[in-house]
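# Working through the structure, step by step
Each chain, letter by letter, is given below.
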Amino acid sequence: MANEQIYQRLRQQIAALRREIIALNVSEEQFVDWFDAQLFRTTHSAPEHYCDELAQNVSQLERSSRSDQQQWLALRIEQQMLALTRALAYFQRKT
C-alpha cells in the first residue's frame, strides 16, 4: 500500500511538472542545453517530453523486482525530477 502511494505521488508530481512546462511555453531550443547528456537518454522534440521519460522510469521502477535496478531507477528519477524542477524555477523567474 505504501509503495502504491509513493508511485501515485510521483505521477502527480510529474503531471505538475508537465503542466508547468506547458504553461511557461518554453521552446525546446531554450530547454535543450539544461541537462547533462547522461541524465536523459533520448532527445526530445518538446520540453514536456522529458516528463514522458520520467514517467517511463517510474513505471519501470514499479515493475522492477531487482533491488539493484530499483536503486538505480530511484536515483535516476530523483536526479531527473531535480533537474526539471531547477530548470522550471529558472524559467519562472525569467517571466
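## Observations concerning the packing of helix H3 (residues 49-63) against helix H4 (residues 67-94)
- Here H3 crosses H4 at 155°, and the two axes come no closer than 9 Å. One finds that H3 runs roughly antiparallel with respect to H4. As H3 runs across H4, the sense of the crossing is left-handed. Mapping the contact onto sequence places Tyr50, Cys51, Glu53, Leu54, Asn57, Val58, Gln60 and Leu61 in H3 and Gln69, Gln70, Leu73, Ala74, Arg76, Ile77, Gln80, Met81 and Leu84 in H4.

## Side note on H4
- For H4, spanning 28 residues, the distance from its first C-alpha to its last is 41 Å, which sits close to the expected 40 Å at 1.5 Å a residue.
- The set of residues buried in H4 consists of Leu73, Arg76, Ile77, Gln80, Met81, Ala83, Leu84, Ala87, Leu88 and Phe91.
- Residues of H4 that are buried in the fold lie against helix H1 (2-24), helix H2 (28-31) and H3.

## Overview of the side chain of Arg76
- Following the sequence through the fold, Arg76 ends up in helix H4.
- Here Arg76 is buried and forms no salt bridge, its nearest opposite-charge partner Glu53 lying at an N-O distance of 4.4 Å.
- Sequence-distant contacts of Arg76, that is, excluding residues within four places in its chain, are made with Gln38, Leu39, Phe40, Arg41, Glu53 and Asn57.

## With respect to the packing of aromatic side chains
- Under the counting rule described, the total for this entry stands at four aromatic pairs.
- Seen from their ring centres, Phe35 and Phe40 are 5.0 Å apart, and the 65° between their planes marks the pair as edge-to-face.
- When its relative accessible area of 12% is taken as the criterion, Phe35 is described as buried.
- For Phe40, a relative accessible area of 6% corresponds to the buried category.
- Measuring from ring centre to ring centre gives 5.1 Å for Phe35 and Tyr50, while their planes differ by 55°; the resulting arrangement is tilted. Within this pair, whereas Phe35 is found in the loop between H2 and H3, its partner Tyr50 is found in helix H3, the two being separated by 15 residues in sequence. Neither Phe35 nor Tyr50 differs from the other in exposure class; each is buried.
- Taken together, the ring pairs in this structure connect Phe35, Phe40 and Tyr50 into an aromatic cluster.

Rules behind the numbers
- Residues numbered from 1 in each chain as written.
- Predicted model: local features only at pLDDT ≥ 70, side-chain atom pairs only at ≥ 80, totals over all residues.
- Heavy atoms only, no water.
- Axes fitted to C-alpha atoms, helices over the stretch in contact; angles between N-to-C directions.
- Helix = DSSP H or I, 4+ residues; strand = E, 2+ residues; numbered from the N terminus.
- Parallel < 35°, antiparallel > 145°, perpendicular 65-115°, else oblique.
- Left-handed = near helix turned anticlockwise from the far one by under 90°.
- Contact = heavy atoms within 4.5 Å.
- Expected span 1.5 Å × (residues − 1).
- Buried < 20%, exposed > 50% of the residue type's maximum accessible area, 1.4 Å probe, protein only.
- Lys, Arg positive; Asp, Glu negative; His and termini not counted.
- Salt bridge = Lys/Arg side-chain N within 4 Å of Asp/Glu carboxyl O.
- Phe/Tyr/Trp six-rings, centres within 6.5 Å; stacked < 30°, edge-to-face > 60°.

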